[in-house]
Amino acid sequence: MIIVYYLSILLPLLVSSSFDEDLIIERRPHHVDWEDLFMEYNRYSAPNRVKQEINVTIEVISIRNDKILFEMNQDWRDERLRFVGVARVPVPSHILPWYPDTYIRNGWDVVIERQSTELNYDGTFQLKQKYQAAVDMDESTKDLSLVISSYNNYGTDRVHYNLVSTVINVPSHSHLVSKQVARKSDGIHFDDIHITIQSNPINNIISGNSTF
Ligand SMILES: *[C@@H]1O[C@H](CO)[C@@H](O)[C@H](O)[C@H]1NC(C)=O
């Protein structure tokens, strides 16, 4: 009875798979041997010990008074962690590669709400984070400023940020400008990015009128 039962389940499967190629499920090799990849890896050292380049993209999601919600992506290449296989994999939480020690230098009550890290086969990391932070606001223009910086050039002499793309589309603020600002503290060089999120002029007029 049991054998007949199994046969009646298996037979249709065997028959259908030999007739209909589309039904065969091919699982892609979604596997990276993390232990192997990280053998002899030194996470206290940046991929480039002299000047580590980080590409930064920022998307401002929302602004309320002096508070900003934004997403920041940081991309960097770690040649030590190239692998063969799938294009891009999520990095498991127990795996600890070198990370840039980026922070919001002028941020109050900074919260990183969500975070994910992915590694591409060519050794490119993408760290994606959602932040909320209160920042400095110019009382007259209502412009906000955001300073992105390395805390202590962790694992390298210098962390250098390239702001490669910015997106902002909120009603009160729809434009931002950025500049690189070199800072020296205790003989250490820092390459900060200063971002000014400009308040829409129309917004100023409306808020100015509303006080009457
Ligand atoms: C950083 O951006 C530059 C210019 O857009 C690009 O050529 C480079 O491949 C990027 N590096 C990484 C690690 O994404």
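Residues numbered from 1 in each chain as written. Predicted model: local features only at pLDDT ≥ 70, side-chain atom pairs only at ≥ 80, totals over all residues.

For the chain, the name recorded in an unreviewed UniProt entry is Neur_chan_LBD domain-containing protein, with Caenorhabditis tropicalis as its organism.

A. Structural view of the overall build of the chain. Scanning the chain for helices and strands turns up three helices and 11 strands. Ordered by position in the sequence, the α and β elements of the chain form the string α-α-β-β-β-β-β-β-β-β-β-β-β-α. Counting every position in the chain, which comprises 212 residues, the buried fraction comes to 17%. Restricting the contact set of the chain to residue pairs at least 6 apart, pairs at least 24 apart contribute 72%. (Helix = DSSP H or I, 4+ residues; strand = E, 2+ residues; numbered from the N terminus. Buried ≥ 20, exposed ≤ 12 C-beta atoms within 10 Å, placed from the backbone. Contact = placed C-beta atoms within 7 Å.)

B. Summary view of the site of the ligand. Around the ligand, the surrounding shell consists of N55, D75, W76, R77, T124, N162 and V164. Sorting the residues of the shell around the ligand by element identifies strand 2 (67-77) and strand 9 (159-168) as the ones contributing at least two each. By residue class, the composition of the shell around the ligand is two nonpolar, three polar and two charged. (Near = placed C-beta within 6 Å. Nonpolar A, V, L, I, M, F, W, Y, C, P; charged D, E, K, R; others polar.)

C. Representation of the pairing of strand 11 (residues 188-199) in the model. Where strand 8 (residues 144-150) and strand 11 come together, five bridges link them in antiparallel fashion. Along strand 11, the bridge assignment pairs L146 with I195. Once strand 10 (residues 173-185) ends, the chain turns through two residues before running back antiparallel as strand 11, passing D186 with a positive phi of about 60°. (Pairing = 2+ DSSP bridges.)

D. Just the pairing of strand 5 (residues 108-120), in detail. Inspection of the sheet shows strand 3 (residues 88-90) paired to strand 5 by three bridges, in the antiparallel sense. Paired with V89 across the bridge in strand 5 is L119. Joining the antiparallel neighbours strand 5 and strand 6 (residues 124-134) is a turn of three residues, in which G123 adopts a positive phi near 90°.

E. Just the environment of F38, in detail. Residue position: F38 is located in the loop between helix 2 (34-37) and strand 1 (52-64). C-alpha of F38 to C-alpha of P97: the two residues are 59 residues apart in sequence and 8.3 Å apart in space.

F. Structural detail: unusual backbone geometry. Positive phi outside glycine occurs at E40, with the angle close to 65°. Take E40: there are 5 C-beta atoms within 10 Å of it, and that puts it in the exposed class. Positioned with a positive phi, D109 is a non-glycine residue whose angle comes to about 50°. Along the polypeptide, D109 turns up in strand 5. On the basis of neighbour count, D109 is assigned to the exposed category, with 8 C-beta atoms found within 10 Å.

G. Examining the nonpolar core more closely. Ranked by internal contacts, the top residues of the largest apolar core, which has 22 residues, are V56, V60, I68, L144, L146 and Y161. Within the residue set of this core, elements represented by two or more residues are strand 1, strand 2, strand 6, strand 8, strand 9 and strand 11. Ranked by residues supplied to this core, first place goes to strand 1 with five residues. Discounting chain neighbours no more than four positions away, the residues touching I68 are V60, I63, A133, V135, L144 and L146. (Core = buried A, V, L, I, M, F, W, Y, C linked by C-beta atoms within 7 Å.)

H. Representation of the environment of N120. For N120, the position within the fold is in strand 5. Linking N120 and F83, residues 37 residues apart in sequence, is a C-alpha distance of 8.2 Å.

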